[in-house]
Amino acid sequence: MDYKVLTGARIFDGDRFHEDSALVIGNGRIHAITSVNDVPDNAETIQLKGGVLSPGFIDAQVNGGGGRMLNDEPSPESMYMIAEGHRPYGTTSLLPTLITDVAAATTASIEAAVEAVKANRGVAGLHLEGPHLAPARKGAHLAELMRPVEDNDVRTFIRAREAIGTLLVTMAAEQVTERQVQALAEGGVIVSIGHSDCTTEAANARFDAGARGVTHLFNAMSQMGHRAPGLVGAAIDHPAPWCGIIADGHHVEPTALRVALRAKRGEGRLFFVTDAMSLVGTDLPSFTLNGRTVYRTKGGYCSKLTLDDGTLAGSDVDMASTIRYGVNVLELPLAEALRMATSYPARFLRLADRGHLTPGTRADLVHINDGIEVTETWISGQPSA
């Protein structure tokens with residue numbers, strides 16, 4: 001086996017840091033983390049200039065990037081374009097995300113994901129965010145396309161999961177029954193509750209039935225009151241759900257995120273998602289979403305994306321910026337901020353072969369400097385073009 005050795009940086013293995021160590025990879029997989037004095041003979045050595053070598057970032061919610069929205073053209077080529085748009089910011093695995101659309105778009109996205117996942121170009125599965133959402137919490141989605149889950153949808157999603165490997169579906173508690181959630185979960189579909197105006201009791205019932213996540217905690221959902229904790233309260237208090245958060249300075253006030261980070265109990269954790277739109281990786285001033293113009297307004301931690309009426313329409317943030325926000329604004333230790341972009345989303349999505357650097361896992365890597373800026377990425381041991 002031909003080995004490569006990466007050294008010269010602190011190594012974060014998805015859980016903790018290793019000092020004065022080297023990462024040994026071979027055939028696109030992690031071989032070992034070892035002492036710098038104990039590497040294989042005749043291995044190709046890559047000398048990094050300080051910083052941190054980490055598992056590549058994993059993003060479970062990416063609507064677009066590099067100038068393309070998945071809704072624009074649900075095809076493998078769009079998925080590759082989106083993945084390549086986020087690669088310079090450290091994301092080596094993502095789920096292209098289809099926003100509420102017509103049935104033909106859902107079908108095309110499923111077919112595209114089946115092909116794209118096989119290509120090993122950064123597409124790890126598919127996220128369908130709609131159409132089974134609540135009009136009362138529509139956000140930037142089109143309410144007229146929203147509808148309840150039917151049993152035929154359950155069968156379609158299970159078949160899609162079997163073909164794709166990883167399928168995440170966001171649903172409002174009002175639009176899916178406990179029986180349907182249980183069937184989806186038993187079929188391997190990852191159900192996330194979101195865009196929902198449900199009660200705490202309704203949310204807990206779906207979590208007990210097998211719903212595994214909550215989509216962009218705090219946004220487009222019933223809020224936490226002292227007598228009606230809503231979906232926010234259920235998500236933080238119930239031990240099962242993992243919660244994606246958009247940490248961009250616009251979607252959630254940082255105090256709320258810091259409180260949620262301290263309060264979340266159970267196996268489920270909070271993890272970073274970008275909810276990024278097509279403008280990431282471009283200088284474009286606007287784009288079109290379901291026939292409506294979304295405008296980019298510069299200012300704050302990152303630019304803000306809004307419809308004409310001021311409704312937030314996804315984000316303009318990338319994963320490296322989100323990690324910096326976690327450290328600098330949310331006051332997270334660097335290790336925890338990195339977990340929220342690597343091992344936590346990997347565990348949520350059941351991607352056992354990535355998100356941490358242990359023997360046999362994929363050599364999907366990112367090197368960041370001391371300013372948490374990306375200098376290089378690798379997929380299966382191959383550097384970015």
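Here the structure is a predicted model, which means the values were calculated and not measured.

So, about the sheet that holds strand S13 (residues 167-171). The strands making up a sheet associate through hydrogen bonds between their backbones, and the pairing can be parallel or antiparallel. With respect to topology, eight strands assemble into an open sheet ordered S8-S11-S12-S13-S14-S15-S16-S17, the strand pairing being parallel. Pairing within the sheet leaves two strands with one partner each, and these edge strands are strand S8 (57-62) and strand S17 (270-273). Sheet topology places strand S15 (residues 213-214) next to strand S16 (residues 242-246); two bridges connect them, and they run parallel. When the sheet's bridge partners are listed, Gly 213 is paired in S16 with Trp 242. Here helix H1 (residues 76-86) sits on the sheet in contact with S8, strand S11 (91-99) and strand S12 (126-129), set at roughly 130 degrees to S11. Sheet contacts for helix H3 (residues 151-164): S12 and S13; angle to S13, the most-contacted strand, approximately 150 degrees.

Counting residues in hydrophobic clusters, the biggest one holds 89 residues, and the most contacted among them are Phe 57, Leu 126, Leu 217, Phe 272, Ile 323 and Leu 349. For this core, the two domains that each supply at least three residues are domain 1 (3-54 + 358-384) and domain 2 (57-349). In terms of nonpolar packing, the next biggest core, distinct from the first, is built from 12 residues, Leu 6, Ile 30, Ala 363 and Trp 378 among them.

Let's shift gears to the UniProt feature "domain: Amidohydrolase-related" (unreviewed entry) in the chain. UniProt marks residues 53-382 with the feature "domain: Amidohydrolase-related" (unreviewed entry), using the numbering shown here. Overall, residues 53-382 shows 31% helix and 21% strand. The separation of its end C-alpha atoms is 15 Å.

On to the UniProt feature "binding site: Zn(2+)" (unreviewed entry) in the chain, then. This chain's UniProt record puts "binding site: Zn(2+)" (unreviewed entry) on Glu 129, His 195 and His 216. In summary, the annotated positions, though distributed over 88 residues, converge in three dimensions, the widest C-alpha pair being only 11.1 Å. Here Glu 129 is to be found in strand S12. For Glu 129, the residues in contact, after removing those within four places along its chain, are Gln 61, Asn 63, Thr 97, Leu 98, Ile 99, Thr 100, His 141, Thr 170, His 195, Thr 215, His 216 and Asp 275. On the secondary structure map, His 216 appears in the loop between S15 and helix H6 (230-237). Look at His 216 and you get buried, because its relative accessible area is 4%.

Any two packed helices are characterised by how steeply their axes cross, that is the angle between the axes, and by the distance between the axes. Orientation of helix H2 (residues 103-118) relative to H3, taken along the N-to-C sense of each, is 20 degrees, at an axis distance of 9 Å. Taken together, the axis directions place H2 and H3 in an arrangement best described as roughly parallel. Between H2 and H3 lies a crossing of right-handed hand. Contacts from Ile 110, Ala 113, Val 114 and Val 117 of H2 reach H3 at Thr 156, Ala 160, Ala 163 and Ile 164. The residue makeup of the contact of H2 with H3, split by class, is seven nonpolar, one polar and no charged.

This brings us to the domain arrangement of the chain. Under the domain assignment used here, the chain contains domain 1 (3-54 + 358-384) and domain 2 (57-349). The gap between the C-alpha centroids of domain 1 and domain 2 is 29 Å. For the pairing of domain 1 and domain 2, the buried interface totals around 1400 Å² over both sides, and the portion due to carbon and sulfur atoms is 65%. A salt bridge links Arg 339 to Asp 15; the shortest N-O distance between them is 3.6 Å. Counting the contacts that link domain 1 with domain 2 gives five residue pairs in polar contact (both at pLDDT 80 or more). Those elements that provide at least two residues to the side of domain 1 that touches domain 2 are strand S7 (52-55), strand S21 (365-368) and strand S22 (374-379).

Moving on, we come to helix H5 (residues 200-209). Here H5 lies mainly inside the structure; seven of its 10 residues are buried. On its buried face, H5 sits against helix H4 (178-186), strand S14 (190-193), S15 and H6. Residue Gly 210 follows H5 closely and has a positive phi angle near 130 degrees.

A few words on the environment of Met 81. Among the secondary structure elements, Met 81 is positioned in helix H1. With a relative accessible area of 29%, Met 81 lands in the partly exposed category. When the C-alpha positions of Met 81 and Leu 70 are compared, they lie 9.5 Å apart, and in sequence the two are 11 residues distant. What Met 81 contacts, discounting residues up to four positions off in sequence, is Gly 65, Gly 66, Gly 67 and Arg 68.

Across the interface, H3 lies against H4 with an axial gap of 9 Å and an inter-helix angle of 15 degrees. Put simply, H3 runs roughly parallel to H4. Both H3 and H4 take part in a crossing whose hand is right-handed. Contact residues: H3 offers Asp 151, Val 154, Phe 157 and Ile 158, while H4 offers Arg 179, Gln 180, Ala 183 and Leu 184. Across the contact of H3 with H4, the residue classes tally to five nonpolar, one polar and two charged.

With respect to the helices and strands, Thr 166 occurs in the loop between H3 and S13. Judged by its relative accessible area of 8%, Thr 166 falls in the buried class. In this structure the C-alpha to C-alpha distance between Thr 166 and Thr 358, which are 192 residues apart in sequence, comes to 21 Å. Apart from the residues within four sequence positions on either side, Thr 166 is in contact with Leu 95, Ala 124, Gly 125, Leu 126, Arg 161, Ile 190, Leu 349 and Leu 351.

Criteria and thresholds
- Residues numbered from 1 in each chain as written.
- Predicted model: local features only at pLDDT ≥ 70, side-chain atom pairs only at ≥ 80, totals over all residues.
- Heavy atoms only, no water.
- Pairing = 2+ DSSP bridges.
- Helix = DSSP H or I, 4+ residues; strand = E, 2+ residues; numbered from the N terminus.
- Contact = heavy atoms within 4.5 Å.
- Axes fitted to C-alpha atoms, helices over the stretch in contact; angles between N-to-C directions.
- Core = buried A, V, L, I, M, F, W, Y, C linked by side-chain atoms within 4.5 Å.
- Buried < 20%, exposed > 50% of the residue type's maximum accessible area, 1.4 Å probe, protein only.
- Domains from an automatic or database assignment.
- UniProt positions renumbered as here; feature names shortened; annotations may be inferred.
- Parallel < 35°, antiparallel > 145°, perpendicular 65-115°, else oblique.
- Left-handed = near helix turned anticlockwise from the far one by under 90°.
- Nonpolar A, V, L, I, M, F, W, Y, C, P; charged D, E, K, R; others polar.
- Buried area = accessible area lost by both parts, 1.4 Å probe.
- Salt bridge = Lys/Arg side-chain N within 4 Å of Asp/Glu carboxyl O.
- Polar contact = N/O pair within 3.5 Å; in protein donor to acceptor, adjacent residues only side chain to side chain.

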